[in-house]
Amino acid sequence: MLKIEGLQKRYGSFLLDCSLELQPGCVTGLIGQNGAGKSTTFKAILGLIRTECGNVQVLGKDSAMLGAEEKQEIGVVLSDSGFSGYLTIRSIIPILEAMYERFDKTFFKEQVRKFGLPEDKKIKEFSTGMKAKLKVLTAISHNARLLILDEPTAGLDVVARDELLEMLRDFMEKDQGNSILISSHISGDLESLCDDVYMIHEGKIILHEDTDILLDEYALLKMEEQQYEALDKRYILRRRKESYGYSCLTDQKHYYMENYPKLAIEKGSIDNVVTMMIRGAAL
């Protein structure tokens, strides 16, 4: 569905050097701090910026060779894009009909009503949540097969995020061949939605893991210094010195549960993994 190999883009001292793959029927998350390279990656995929080198394949074709028909199968939400604030939903419907051959007007209007979006109110008067829902709804209303979503839940409250994620789950259930590449710094969104996640830091992918494995096999081990000295460190990915001793990240939780029953073991989460991979020290 999407494959990136050796993609590089330099901005001053920052270098994006990224490779990742999105399988058909999967939701893949790209996570990392602000400035890590998420938006740059998305813009490079879409051909919005020039890159130094690398290969990007979208829907089985080189991204530079995509024709109008293939581009109709891609839905996009970028953090810095959207409709003019002076338009209304009613006035953008003809625009969407002209842009997309397979725009589903009936579905679009049903979803507008479902999520309580006012048809005759100027978009600039929408709440942050309303604007976000409209962006995603626009991306999924023309029978796209691939969604590329850059921070679609940023700035939303819990209820608005849940409603937006519901839209994305419905999109995936509609066709088992659909796929989503989504970036977010809100870990709970990715834990409940994504099949796998890539972690990017300072322009480089530093971890790729299935979400189920990350949540089941990764853990934080917390111990005093004496326990740390006696620890089998073969499966320790990162360590961090704490006031009480050490905190260690492992991807073999059950090994340490069985062999070190006295250790305090905290279940893994995307937040824990991100923090330790970035702030922890390698052995």
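No experiment lies behind these values; they were computed from the predicted model shown. (Residues numbered from 1 in each chain as written. Predicted model: local features only at pLDDT ≥ 70, side-chain atom pairs only at ≥ 80, totals over all residues. Heavy atoms only, no water.)

Help me understand the packing of helix α5 (residues 128–140) against helix α6 (residues 158–174), please; the structure alone is not making it clear to me.
To characterise two packed helices, one gives the angle between the axes of the helices and the distance between these axes. Two elements in contact, α5 and α6, have axes whose closest approach is 10 Å; the angle formed by their N-to-C orientations is 5 degrees. The angle between α5 and α6 falls in the class roughly parallel. Residues G129, A132, K133, V136, L137 and I140 of α5 form the contact with α6, whose participating residues are A160, E163, L164, M167, L168 and F171. (Axes fitted to C-alpha atoms, helices over the stretch in contact; angles between N-to-C directions. Helix = DSSP H or I, 4+ residues; strand = E, 2+ residues; numbered from the N terminus. Parallel < 35°, antiparallel > 145°, perpendicular 65-115°, else oblique. Contact = heavy atoms within 4.5 Å.)

Could you clarify how one ought to interpret helix α1 (residues 38–45) in this entry?
Counting along an α-helix, one turn takes 3.6 residues, and residues three or four places apart therefore face a common direction. Where burial is concerned, most of α1 is hidden: six out of the eight residues are buried. G47 sits one or two positions beyond α1 and adopts a positive phi of about 75 degrees. (Buried < 20%, exposed > 50% of the residue type's maximum accessible area, 1.4 Å probe, protein only.)

Looking at this model, I keep getting lost on the nonpolar core. Mind explaining?
Taken as a class, soluble globular proteins show a tendency for nonpolar side chains to be buried jointly. Of all hydrophobic cores here, the largest spans 50 residues; its most connected members are F108, L147, L168, I180 and I182. In terms of residues, this core owes the most to one element, α6, which gives seven residues. Formed by 26 residues, the second largest nonpolar core is a distinct cluster that contains M1, A44, L66 and L78. (Core = buried A, V, L, I, M, F, W, Y, C linked by side-chain atoms within 4.5 Å.)

How do you make sense of the sheet that holds strand β14 (residues 264–267) when you look at a structure like this?
The four strands are arranged β12-β13-β11-β14 in an open sheet whose pairing can be described as antiparallel. Each of the sheet's edge strands pairs with one partner strand only, and the pair in question is β12 (236–241) and β14. Going across the sheet, the axis of each strand differs from the next one's by a mean of 20 degrees, ignoring polarity. Note: strand β11 (residues 219–223) against β14, four bridges, orientation antiparallel. Residue pairing for β14: A219 is matched across the bridge by K267. Strands in contact with helix α11 (residues 270–279) are β11, β12, β13 (246–250) and β14; relative to β12, the strand with the most contacts, it is inclined by about 75 degrees. (Pairing = 2+ DSSP bridges.)

Would you take a moment to explain unusual backbone geometry for this structure?
Most peptide bonds are trans, and most residues other than glycine sit at a negative phi. Positive phi is not limited to glycine here, since L59 has a value of about 55 degrees. Locating L59 in the fold gives a position in the loop between β4 (53–58) and β5 (61–62). Notably, E151 is not glycine yet its phi reads approximately 50 degrees, a positive angle. Structurally, the position occupied by E151 is in the loop between β7 (146–150) and α6. On the basis of relative accessible area, E151 is assigned to the buried category, the value being 13%.

Looking at this structure, how should I read the environment of H254?
Mapped onto the secondary structure, H254 falls in helix α10 (residues 253–259). By relative accessible area, H254 is classed as partly exposed at 32%. Spatially, the C-alpha atoms of H254 and I265 are 9.9 Å apart, while their sequence positions differ by eleven residues. When residues no more than four places from it in sequence are discounted, the contact partners of H254 are D216 and E217.

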